[in-house]
Amino acid sequence: MVMKRFPFLSESTRRLLATMGLLFFSAAAIVFAFPGTRPYLAGAWTNAILLIFLLVLTATGIQALFKKRWLSTFFHLGAALILIGGGLTASHAKEGHIVFTDALYAPIEYRQCLIDGDRVALHSFEIPTYPNGMPRQYITRLAFPEGLRTVKVNAPLRRKGWTYYQMSYQQVVGDYGEPLLNTILTVRKDPGATITFCGYATLILAAFAMAIRETFRRHRAQQQECMA
Amino acid sequence: MTLKTDFLGWLLTSQVILSLGTLFLPKAFRKWCWLTIIPLALTILCLRWITVAHPPMRNLFEAFLWLPLLLGCMTLISLWRDRHDTSRLDATLGFIVAFPLAFVFDAAPGQLPPVLQSALFVPHVLGYMIAYVLLARAFTLECLRHTRAAGENAAWGFAFLTLALALGSYWGNEAWGAYWQWDPKEQWSLATWLIYAAFFHVLHRRAWRFSLLALGVLFILLTVTWINLSKLFLGMHSYAGV
């Protein structure tokens, strides 16, 4: 009964409103692509708009579920999952940066640190290059209590809930004028990422299912035209 | 605008001439022009792949190399399966792609930076290229009032767009430690995705369908050209326009 009363607007009006809403978010995405607009992104009004969007997506998804419109359910709940994951990332993700200097005589605080009570020390940092001198990869080897582990670009290291990313490097000059390398790592814990990726997987499944459905519908329509 | 005088350059120029030919030749010859473009585009791709020793997708020039091949395949599929002759409109798209390849983009080979050395590199870029071709064709089919075919192309294009966006986001998480960086190119890609999501909410209104498909194609053009090439939108994808 409740579900019958819920759509107080006609299907056509709701679709049109959804279109306007999506176009509004599309325009907002473009506005925030321009330089200097980022500070305006973080604010109570942004959170309020995204919360309303999340509620609408969830309500539409649940309503579609009751009507057994599976594709619509997957699309809307998948998008809702992405927003929930994004919210969790924004509120609960932890991030830190580590800069280690690759020199044996560097002070100990430049070569090691404590993460969750475990000592993490730099073992080595290498930049293999192409014949023209362009960096091929950035490779940091870290010493943990259990042994050596490697972090590379595109190959992060996962350990005890934290993920270590090879972000960048710096060329610096040592105390005696010798060139030294700093490796820059990011350490991150993000409880929202898994939920967001589940949302993405749901959206992908729904999108390909919709494409297959469209192909079958068209094939059926062509057959009917031929028979007519 | 420069004329590329090496072997690859001449092949690219031939591609422009063929797409022009497809535009102006009578219907009987157009199919044969497309049949010639496919092996030519494949040869260009293989040649480039061998020369640079990595999948040719590093910058705008290399990513565009895939488009004539994809466009040719889809035009012929449309012609044989559905009896829709879209070869002239597709040739217009082909010319828009082939011209900058031959005369505008810099073809200097380069090495892959560490961030592009990932198993997700090829599926992410190829996913976008397939999506862009399908969505551009959806627009041309809508112009020719083949509504069902346009809807089918848009649905497949949207599926590949979703896949490519999600793969890019996952890759960003592996490479940079965050699945969304508020990078200008990410933002424009999301804006494009939202336009097509809006399209599927107004499937039965012709004026809206046409306007949104046209807007989507405009966004795709802006994303692949202005956002990549303009210095206004510097971000994590800045290497793409190099």
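Reading the values: rules and limits
- Residues numbered from 1 in each chain as written.
- Chains lettered and ligands numbered in written order.
- Predicted model: local features only at pLDDT ≥ 70, side-chain atom pairs only at ≥ 80, totals over all residues.
- Heavy atoms only, no water.
- Domains from an automatic or database assignment.
- Axes fitted to C-alpha atoms, helices over the stretch in contact; angles between N-to-C directions.
- Helix = DSSP H or I, 4+ residues; strand = E, 2+ residues; numbered from the N terminus.
- Parallel < 35°, antiparallel > 145°, perpendicular 65-115°, else oblique.
- Left-handed = near helix turned anticlockwise from the far one by under 90°.
- Contact = heavy atoms within 4.5 Å.
- Nonpolar A, V, L, I, M, F, W, Y, C, P; charged D, E, K, R; others polar.
- Buried area = accessible area lost by both parts, 1.4 Å probe.
- Salt bridge = Lys/Arg side-chain N within 4 Å of Asp/Glu carboxyl O.
- Polar contact = N/O pair within 3.5 Å; in protein donor to acceptor, adjacent residues only side chain to side chain.
- Buried < 20%, exposed > 50% of the residue type's maximum accessible area, 1.4 Å probe, protein only.
- Pairing = 2+ DSSP bridges.
- Phe/Tyr/Trp six-rings, centres within 6.5 Å; stacked < 30°, edge-to-face > 60°.
- 1 Å grid on protein atoms, 1.4 Å probe; cavity = no way out; pocket = protein on both sides within 12 Å on 5 of 7 lines; lining within 4 Å.
- Points joined across faces, edges and corners; volume = space filled by probe spheres on them.

**Here we look at the domain arrangement of chain A**
Thought 1: For chain A, the assigned domains are domain 1 (2-93 + 193-227) and domain 2 (94-189).
Thought 2: On a C-alpha basis, the centroid separation for the pair domain 1 of chain A and domain 2 of chain A is 40 Å.

**Topic: the packing of helix H1 (residues 7-24) of chain B against helix H5 (residues 87-103) of chain B**
All names here are of chain B.
Thought 1: Contact geometry of H1 with H5 gives a least axis separation of 8 Å together with a crossing angle of 155°. What the angle tells us is that H1 and H5 run roughly antiparallel. Relative to H5, the crossing made by H1 is left-handed. Contact with H1, carried on its side by Leu12, Thr13, Gln15, Val16, Ser19, Leu20, Thr22, Leu23 and Phe24, involves Ser87, Arg88, Ala91, Thr92, Gly94, Phe95, Ala98, Phe99, Leu101, Ala102 and Phe103 of H5 and no other residues of that element.
Thought 2: Residues belonging to the contact of H1 with H5 are distributed by class as follows: twelve nonpolar, seven polar and one charged.

**Notes on the domain arrangement of chain B**
Note: interface size is frequently given as the accessible area lost on complex formation between the parts.
All names here are of chain B.
Thought 1: What the domain assignment lists for chain B is domain 1 (1-112) and domain 2 (117-242).
Thought 2: Relative to domain 2, the C-alpha centre of domain 1 lies at a distance of 20 Å.
Thought 3: Contacts between domain 1 and domain 2 engage 23 residues on the former and 24 residues on the latter.
Thought 4: In total, about 2200 Å² of surface goes out of reach between domain 1 and domain 2, with carbon and sulfur atoms giving 76% of it.
Thought 5: Per-residue buried area on domain 1 facing domain 2 is highest for Met57, Leu60 and Met74; these three make up 26% of the total on that side.
Thought 6: Scanning the region where domain 1 abuts domain 2 turns up two salt bridges.
Thought 7: Residues Asp90 and Arg137 are paired through a salt bridge, measuring 3.1 Å at the closest nitrogen-oxygen approach.
Thought 8: Linking domain 1 with domain 2 are five residue pairs in polar contact (both at pLDDT 80 or more).
Thought 9: Residue assignment for the side of domain 1 that touches domain 2 shows that the elements contributing at least two residues are helix H3 (60-64), helix H4 (66-82) and H5.
Thought 10: The biggest single contributor to the side of domain 1 that touches domain 2 is H4, with eight residues.

**Observations concerning the pattern of salt bridges**
Between side chains of opposite charge, pairing is possible as soon as their charged atoms come close.
Residue and element names in this part refer to chain A.
Thought 1: Considering all chains together, one arrives at 20 salt bridges over all chains under this definition.
Thought 2: Close ionic contact of Arg217 with Glu214 constitutes a salt bridge, the shortest N to O distance being 3.7 Å. Placement of the pair is Arg217 and Glu214 together in helix H6 (residues 193-227), with a separation of three residues, close to one helical turn.
Thought 3: Assessed through its relative accessible area of 44%, Arg217 is described here as partly exposed.

**What to know about the sheet that holds strand S6 (residues 157-159) of chain A**
Thought 1: Strand order in the open sheet formed by four strands is S1-S8-S7-S6 (chain A), and the pairing between neighbours is antiparallel. Strand pairing shows two members of the sheet lacking a second neighbour, strand S1 (94-101) and S6 of chain A, which therefore form its edges. Averaged over all pairs of adjacent strands, the angle between their axes in this sheet comes to 30°, without regard to strand direction.
Thought 2: Where S1(A) meets strand S8 (residues 179-189) of chain A, eight bridges bridge the pair, whose relative direction is antiparallel. Across the sheet, His97(A) pairs through a bridge with Thr186(A), a residue of S8(A).
Thought 3: Helix H7 (residues 147-176) of chain B contacts S6 and strand S7 (162-173) of chain A of the sheet and is inclined by roughly 55° relative to S7(A).

**Topic: the packing of aromatic side chains**
Thought 1: What the rule picks out here adds up to 23 aromatic pairs over all chains.
Thought 2: For the ring pair Phe24(A) and Phe25(A), a centre distance of 5.4 Å and an interplane angle of 70° mean the geometry is edge-to-face.
Thought 3: The partly exposed category is assigned to Phe24(A), whose relative accessible area is 45%.
Thought 4: A ring pair is formed by Trp180(B) and Trp182(B), whose centres lie 6.4 Å apart and whose planes are at 85°; its orientation type is edge-to-face.
Thought 5: Owing to a relative accessible area of 35%, Trp182(B) belongs among the partly exposed residues under this scheme.
Thought 6: Among the aromatic residues, those joined into a cluster by ring pairs are Phe75(A), Phe158(B), Trp193(B), Phe199(B) and Phe200(B).

**A closer look at empty space enclosed by the protein**
Residue and element names in this part refer to chain B.
Thought 1: All chains considered together, the criterion is met by three cavities of 30 Å³ or more.
Thought 2: As a volume, the largest cavity reaches approximately 500 Å³.
Thought 3: Put simply, the parts of the chain that give the lining of the largest cavity at least two residues each are H3, helix H6 (121-143), H7, helix H8 (184-199) and helix H9 (206-224).
Thought 4: Per-element tally for the lining of the largest cavity: the top contributor is H7, with seven residues.
Thought 5: Across the lining of the largest cavity, the residue classes break down as 20 nonpolar, nine polar and three charged.
Thought 6: Counting contributing residues per domain, the lining of the largest cavity is built from domain 1 (1-112) and domain 2 (117-242), each supplying no fewer than three.

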